[in-house]
Amino acid sequence: MLNQIHEKEIILELTFAIKATSKHALLKETLAFYVKKLNCISAFVLDQNANKISIEAVFPNAFTDFINVEKIQNTIQKASLKHNFKKLHFCNSKMDKLHYNIFELSDFGYFVLVKNQPMPSSFCKNLIPVFQFYANALQNAKMVEQKNKIQKQIDKEIEIQNLLIKMASTYVNIDLKDIESNINNSLAEIGSFVNADRSYIFEYDKDLITTSNTYEWCSDGISPEIENLQDIPTSEIPDWIDKHKLGKEFIVEDVSKLPDGGEYSLKNILSSQDIKSLITLPLVYKSNLMGFVGFDSVKKVRIYTDKEKNLLHLFAELLVNIQLRKEAQEKLTYQEQKYQSLLESVEVGLIEVDNHFDVEFINEAHTKLFGYTIEEIKGKNAIQHFIPKDNQDYITNALQKLQANQNLNLEIDALTKNKLNKSILISLGAKSNIHGEKVGVIGAFIDNTKQKKLEKQLIRAKKNAEVAANEKEKFLANISHEMRTPLNVINGNLNELINYENEPKLQKAFLKQTINASSYLLSLVNNVLDLAKIKAGKVNLEQTDFNLKELCKNIFSILGFLAKKNNNKYNFNFDDKLDLVVHSDPTKIKQVLVNFLNNALKFTSNGTVSFSVAGLKQQPNYVEVSFSIQDNGIGMEKSFLKDIFSEFSTEKNNTVNTGTGLGMPISKNIIDLLNGNIQIESQKNIGTKINLILQLQISKKQNSLKDQEIDLKLLENKNILVVEDNQMNALIVKRILERKNAKISLANNGLEAIEELKIRKNDYDLILMDIQMPKMDGITATEIIRTKLDLKVPIVAVTANVFKTDLDSYINKGINKVITKPFTEQKLLATCTNMLKNQSIEKSNHESSRINIDYNLAYIKEIAAGDEAFFQDLINTFKQLINEAILNLSQAYSTKDAEKAKHALHKIKPSISDLMLNDLLGRIKEIEVLDTFEDLENKIIEIKKSLVDLKNKLKHQI
């Protein structure tokens, strides 16, 4: 039993123990003290309805498992009934051998003390005021907590307001060049404010196909993800997009609670970035989804309040506004730059004058055009300085009549400081003061001088184009006439041959005329083709040795039929001192001279045409030759001579057939290529004299042409495969070669040729290959022969294509030589025998003097110094040089260009030396001292083959 003094001491201690100011401390500290002081087993607090207890309101916590809330509730109800539902301050009950002493805590529920022994009723009654005081303390603590909570909310809202005001004022006054740094700062501030670990901004593309991270802020210890979040397909976040389209935020409060969906599920994407919670808010303007701003929680799960969401929405709107401002400013800047660029590009000049037309202002463009600086012209009369006298009155009257809000647009002539005349377009307007009174005129103008000049040029060009069109129409009419003339000769002679079967001499004469007419027709076609080549810039010289006298005699004889037709005396005079072998392009020289002679014979009837060749100057290495063609035909007007070399140009008012208008311009181009000079003298109805002067190189081998004669024995018993889809062409070639005792096989296309060669792989000595054929063309067939069948048999391409670039491409594909259709019998035989001769030489060289291509890599390895990658680079570079050399040698061989061949070999010499290929290096040095292509020809074939073998050897061994 406790005495009264002791009870009072305990009550005082219990009362003074109630000193904590927070509810949490009151419950935890007071419970523990009361249990100890009153010698209780446990103490706990029930809520107002006695339905449950709080974890923090039990001491010790372990006693929680023994509390029977339902029994305690029944005890309280019985006690209330006993007191007729009056205010219950205390009751007790024995349950499970323990004594429960229950004290009412006003609106906070009940305080329960659990003891092994009952407590005296008087003592319990004395404790009632203690617990009422305890209830009041709880009430005060609750009020303090509520006040603190309200204050925190107020502080939070003030902080939010301050943050928004700061960001808003920042973005309102922002310099657009500082946008990026300010956005990054704002992300840091707002992210820190809402306790996010990462904040960021994403932009959608215009079609909402992808989205990319553009800005990012991370708190300490959080790794950035911006580099990994570029061009993310929006198809991976459909729910995200759907929410944003509605203008709503997308929230994941707990990533771990998202459903599993595989590797590309939202849960897996977020988890891979260690995200536990996130919120993203759309950046929307007029239903246009621009992007979103987001906040990640990485360290712990984060749930956002409505106020925080509202804050983030306001931040998103600020970002939208600043983005719109940025776009508007960029558009404005672009427009300003565009306008400024426009002013600068058109060089708009500006001038301001007062009502007396005295200059007040000019800009830089005005100074550039007219030469006056503002200091020189200010205050001086503009009309007197810039307008020609005969136009000053008109301009003065027009400007005086100009009223406010009126414009005047003029095209006028103006004078510069140096009195040069300029054509300008000027727009004039009245200049007014604030009262609307006219105080002067302002003008903006551009220089129209070039445009005016261009207009005049266009008018001239139009006239020239019309003249050219008329000339082309004449050309079409004339070319058909020119072609019909030799065709009539050919057809007529062939018909006559049938009627003179028993007169061989007469038949031979007819055939000779037919051949001459055919040659003339071929020359005509070549003119048309040469014009196309000239237009394409692909006319080149093909120089070789030839006898000048033989060439001139041949040229003279070709046009004998035309002289006979027009009943002309036809004279040939040749200076025998010029019976020389010269080095130039005989085909081009022949083409020019045939054209001049053809014109002379065509425009002369019942007259005389003379062809004279004379030496003007001779040196040991060259001779200057004059080729003169003179006639007493219809002649030409002096006015036409200046246009004689223009394309399609023919003399007007000429009743004689004037031709195509192509021969002279083609000839002039060729003469320029030959570095020649041409002089033409002509008088109408008296005649014409053309004098062509060429400087020709004298060949060192005056007897070498004898060696070049065709050796027809080379064709005997040779197996030649003719691949041609045109049966007539194939038959002509077959008969020409069979007459020389060659053995001919025919194939209709490339496919048949391949099959034939598979059967008789090594039987053929030569192949004549047409290019354009059905089923398989000649180039494809050649490539198969060289690669898959691995045959080295010479292949001659027979084609109507005359363009050098195409002919070079044939050589690069494995063709050895090209002859163009139509060709003469002599050209065909010369080409075939030359190929067979080279093949024979190559075989002989291969058997007797094969070049050693056993390379040594010691020096290359020494340079590489153990660096395998560098070693391989050196070898690859050498392989590339070999490929270039093979290509250039092929082109040099096809064009007979000795210098190109020597240059190609000189370029590869150092690499040959590095690989210690001494035999091959020696052969290259032999070539370097030779001059003519004829000396080089066989050696080029030999070295090219060695390079091909070396290339294959390197390919298989390294």
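Note that the structure is predicted; figures quoted are calculated from it, not measured. (Residues numbered from 1 in each chain as written. Predicted model: local features only at pLDDT ≥ 70, side-chain atom pairs only at ≥ 80, totals over all residues. Heavy atoms only, no water.)

Time to look at the overall build of the chain. In terms of regular secondary structure, the chain is built from 30 helices and 28 strands. Looking at the chain residue by residue over its 958 residues, the buried ones come to 43%. Sequence-distant contacts, at least 24 apart, represent 62% of the contacts inside the chain between residues at least 6 apart. (Helix = DSSP H or I, 4+ residues; strand = E, 2+ residues; numbered from the N terminus. Buried < 20%, exposed > 50% of the residue type's maximum accessible area, 1.4 Å probe, protein only. Contact = heavy atoms within 4.5 Å.)

As a further point, take the packing of helix 27 (residues 868-895) against helix 28 (residues 898-914). Between helix 27 and helix 28, whose axes approach to 9 Å, the crossing angle comes to 165 degrees. In terms of orientation, helix 27 lies roughly antiparallel with respect to helix 28. The two elements helix 27 and helix 28 meet at a crossing, and its hand is left-handed. Along the contact surface, helix 27 presents Phe878, Leu881, Ile882, Glu884, Ala885, Asn888, Leu889, Gln891 and Ala892, while helix 28 presents Lys900, Ala901, Ala904, Leu905, Lys907, Ile908, Ser911 and Ile912. (Axes fitted to C-alpha atoms, helices over the stretch in contact; angles between N-to-C directions. Parallel < 35°, antiparallel > 145°, perpendicular 65-115°, else oblique. Left-handed = near helix turned anticlockwise from the far one by under 90°.)

All right, on to the sheet that holds strand 14 (residues 407-415) then. Spatially, 13-12-16-15-14 is the arrangement adopted by the 5 strands of the open sheet, whose pairing is antiparallel. Two strands bound the open sheet, and with one partner strand each, they are strand 13 (359-362) and strand 14. Across the sheet, the mean angle separating the axes of adjacent strands is 25 degrees when strand polarity is ignored. The pairing of strand 15 (residues 421-432) with strand 16 (residues 438-447) spans 9 bridges and is antiparallel. Across the sheet, the residue bridging to Ile424 is Asp447, located in strand 16. (Pairing = 2+ DSSP bridges.)

To continue, consider the nonpolar core. One finds Leu737, Leu768 and Leu947 to be the most contacted residues of the largest nonpolar core, which totals 52 residues. Per-element accounting of this core gives the leading share, 10 residues, to helix 27. By size, the runner-up hydrophobic cluster in this structure holds 46 residues, among which are Ala563, Leu597, Ile666 and Ile690. (Core = buried A, V, L, I, M, F, W, Y, C linked by side-chain atoms within 4.5 Å.)

As summarised here, the arrangement of the 5 strands in space is 25-24-26-27-28, forming an open sheet in which the pairing is parallel. At either end of the open sheet lies a strand with only one pairing partner, and these are strand 25 (743-747) and strand 28 (817-820). Put simply, the sheet's adjacent strands are angled 20 degrees from each other on average, direction ignored. Note: strand 24 (residues 719-723) against strand 26 (residues 766-770), 4 bridges, orientation parallel. Bridging from a neighbouring strand, Ile720 pairs with Leu766 of strand 26.

Here the focus is the UniProt feature "modified residue: Phosphohistidine" (unreviewed entry) in the chain. The UniProt record annotates "modified residue: Phosphohistidine" (unreviewed entry) at His906. Locating His906 in the fold gives a position in helix 28. (UniProt positions renumbered as here; feature names shortened; annotations may be inferred.)

Buried residues dominate strand 4 (residues 98-104), accounting for 7 of its 7 residues. Every second residue of strand 4 is oriented toward a common face, with Leu98, Tyr100, Ile102 and Glu104 on one face and His99, Asn101 and Phe103 on the other, all of them buried. Examined bridge by bridge, strand 3 (residues 90-95) and strand 4 share 6 bridges and lie antiparallel to one another. If you follow Asn92 over to strand 4, its bridge partner there is Asn101. Pairing of strand 4 with strand 5 (residues 110-115) involves 6 bridges; the strand directions are antiparallel. Bridge pairing in strand 5 links His99 to Lys115. The hairpin formed by strand 4 and strand 5 contains 5 residues between the paired strands, and Ser106 there has a positive phi angle of roughly 55 degrees.

Further remarks concern the packing of aromatic side chains. Evaluation of the coordinates by the stated rule reveals 18 aromatic pairs. Pairing Phe370 with Phe445 gives two aromatic rings, centres 5.6 Å apart and planes at 65 degrees, and the pair type is edge-to-face. You can see Phe370 sitting in helix 9 (residues 364-370) and its partner Phe445 sitting in strand 16, a full 75 residues away along the chain. Neither residue differs from the other here; Phe370 and Phe445 are each classed as buried. Ring geometry for Tyr372 versus Phe386: centroids 5.5 Å apart, planes at 90 degrees, classification edge-to-face. Linking Tyr372 in the loop between helix 9 and helix 10 (374-377) with Phe386 in helix 11 (residues 382-386), this pair joins segments that are 14 residues apart in sequence. Given a relative accessible area of 9%, Tyr372 falls into the buried group. With a relative accessible area of 6%, Phe386 lands in the buried category. (Phe/Tyr/Trp six-rings, centres within 6.5 Å; stacked < 30°, edge-to-face > 60°.)

Another point: a nonpolar patch on the surface. Taken together, the side chains of Ile150, Ile154 and Ile158 present a nonpolar region at the surface, about 240 Å² in accessible area. For Ile154, a relative accessible area of 37% corresponds to the partly exposed category. (Patch = residues over 30% accessible without salt bridge, like charges linked within 9 Å, V, L, I, M, F, W, Y side chains within 5 Å. Areas by Shrake-Rupley, 256 points an atom, 1.4 Å probe, with all protein chains shown as cover. Salt bridge = Lys/Arg side-chain N within 4 Å of Asp/Glu carboxyl O.)

Okay, unusual backbone geometry next. Positive phi, normally seen in glycine, also occurs at Asp96, with a value near 50 degrees. Among the structural elements, Asp96 can be located in the loop between strand 3 and strand 4. Phi at Asn675 is positive, roughly 60 degrees, even though this residue is not glycine. Mapped onto the fold, Asn675 is located in the loop between helix 19 (663-673) and strand 22 (677-683).

Let us look at the packing of helix 22 (residues 750-759) against helix 23 (residues 778-787). Interaxial distance between helix 22 and helix 23 falls to 9 Å at its minimum, and their mutual angle equals 20 degrees. Classed by the angle they form, the pair helix 22 and helix 23 counts as roughly parallel. As for the relative orientation of helix 22 and helix 23, their crossing is right-handed in sense. Contacts between helix 22 and helix 23 pair Gly750, Ile754 and Leu757 from the former with Ala781, Ile784 and Ile785 from the latter. Here the contact of helix 22 with helix 23 is built from residues that sort into 5 nonpolar, 1 polar and no charged. (Nonpolar A, V, L, I, M, F, W, Y, C, P; charged D, E, K, R; others polar.)

Right, let's get into the side chain of Thr782. Relative to the helices and strands, Thr782 resides in helix 23. With sequence-adjacent residues up to four places away left out, Thr782 is seen in contact with Met769, Ile795, Lys813, Gly814 and Ile815.

For the rest of this paragraph, the subject is helix 15 (residues 548-558). Residues of helix 15 that are buried include every one of Leu548, Leu551, Cys552, Ile555, Phe556 and Ile558, and no others. One side of helix 15 carries all its buried residues, which in axial view fall inside an arc of 165 degrees. Capping of helix 15 at its N-terminal end is provided by Asn547; its side-chain oxygen lies 3.0 Å from the backbone amide nitrogen of Lys549. (Arc of directions from axis to C-beta. Polar contact = N/O pair within 3.5 Å; in protein donor to acceptor, adjacent residues only side chain to side chain.)

Here we come to the pairing of strand 7 (residues 210-218). With 7 bridges connecting them, strand 6 (residues 198-204) and strand 7 associate as antiparallel partners. Opposite Arg198, over in strand 7, you have Cys218 as the bridge partner. As consecutive antiparallel partners, strand 6 and strand 7 are separated by 5 residues, and within that stretch Leu208 has a phi angle of approximately 55 degrees, a positive value. As paired strands, strand 7 and strand 8 (residues 232-233) are joined by 2 bridges and run antiparallel to one another. Bridge assignment links Thr210 to a residue of strand 8, and that residue is Pro233.

Looking at the secondary structure, you find Phe556 in helix 15. Between the C-alpha atoms of Phe556 and Leu593, which are 37 residues apart in sequence, the distance is 9.0 Å.

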